[in-house]
Amino acid sequence: MPATIQGLRKIDDIHGILRYYRVNNEQIKTRTYAMTPKTAGRNHGQTTLEAPLKPAGMLSGSIVLTLDGEIPVEHLLPGDRIITRDSGVAVLKSVHRHQLRTRAVRIMAGSLGDTRPDRDVLLPEDQHILVRDWRAQALFGMRQVSVPVQKLLDGEFITSEGLLTMTLHDISFDAQHVIYVDGLEIVTATKCRARILAA
């Protein structure tokens, strides 16, 4: 039914034309407009195929064990040979640097074993590390397990630092590896992280 506004009636034409008429049916104005479907902007209940971003990586200044010695992560280049727990040595394919605001976890020096880590370490809460001491058995019922560092929070030696702006370096290889960073065994990122590494 046409709307009446201050003595005018508005009639919508299906071809994208608005016509205004006086109440006595005398046409006074015509305007063309772009038609938009009534469903524009709706998501129709579809979900995205991308997984939510889970920041991982190492802060600038983190020391990575390589065949050329201990090198800060920000000085690594593709082609560098990185010492790994699972395969001995792996050739670095890429290093990505990004700055973002994320929740961080602080691991105090020596809290995961003798010199593990060898200094206080700050990591994003979703960074996976390899746990293979009594915690793996007590917390997860396994001899060794790859878990996000947030799963190890104890409020005393491994603490949440809240939201922080962090400059992270994410390094990648042809396959997932466990590398040595600041005395910790860090699991490198892949599209789908393995939750449990083979013993």
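Residues numbered from 1 in each chain as written. Predicted model: local features only at pLDDT ≥ 70, side-chain atom pairs only at ≥ 80, totals over all residues. Heavy atoms only, no water.

Caption draft 1: Just the pairing of strand 7 (residues 69-72), in detail. Where strand 6 (residues 63-66) and strand 7 come together, four bridges link them in antiparallel fashion. If you follow Leu65 over to strand 7, its bridge partner there is Glu70. Linking two consecutive strands that pair antiparallel, namely strand 6 and strand 7, is a turn of two residues. (Pairing = 2+ DSSP bridges. Helix = DSSP H or I, 4+ residues; strand = E, 2+ residues; numbered from the N terminus.)

Caption draft 2: Region of the structure containing the pattern of salt bridges. Applying the stated criterion to the full structure yields eight salt bridges. The partner of Glu185 in a salt bridge is Arg85, with the nearest N and O atoms 4.0 Å apart. With Glu185 in strand 16 (residues 184-187) and Arg85 in the loop between strand 8 (81-84) and strand 9 (88-91), this pair connects stretches of sequence that are 100 residues apart. The residue Arg116 makes a salt bridge to Glu185 at a minimum N-O spacing of 3.6 Å. (Salt bridge = Lys/Arg side-chain N within 4 Å of Asp/Glu carboxyl O.)

Caption draft 3: Structural view of the confidence of the model for the protein chain. Across the protein chain, the average pLDDT comes to 78, with 68% of residues at 70 or higher. Confidence over residues 1-5 falls short of pLDDT 50; this stretch has seven contacts with residues more than four positions distant or in other chains. In the model, residues 32-52 has pLDDT below 50 throughout and makes ten contacts with residues more than four positions away in sequence or in other chains. (pLDDT = per-residue confidence, 0-100. Contact = heavy atoms within 4.5 Å.)

Caption draft 4: Seen up close, the sheet that holds strand 10 (residues 94-107). Taken together, the four strands give an open sheet; going across it, the order is 5-14-10-11, and neighbouring strands pair in antiparallel fashion. Strands with a single pairing partner mark the edges of an open sheet, and in this sheet they are strand 5 (58-59) and strand 11 (121-124). Pairing of strand 5 with strand 14 (residues 158-172), which is carried by two bridges, proceeds in the antiparallel orientation. Across the sheet, residue Leu59 finds its bridge partner in strand 14, namely Leu168.

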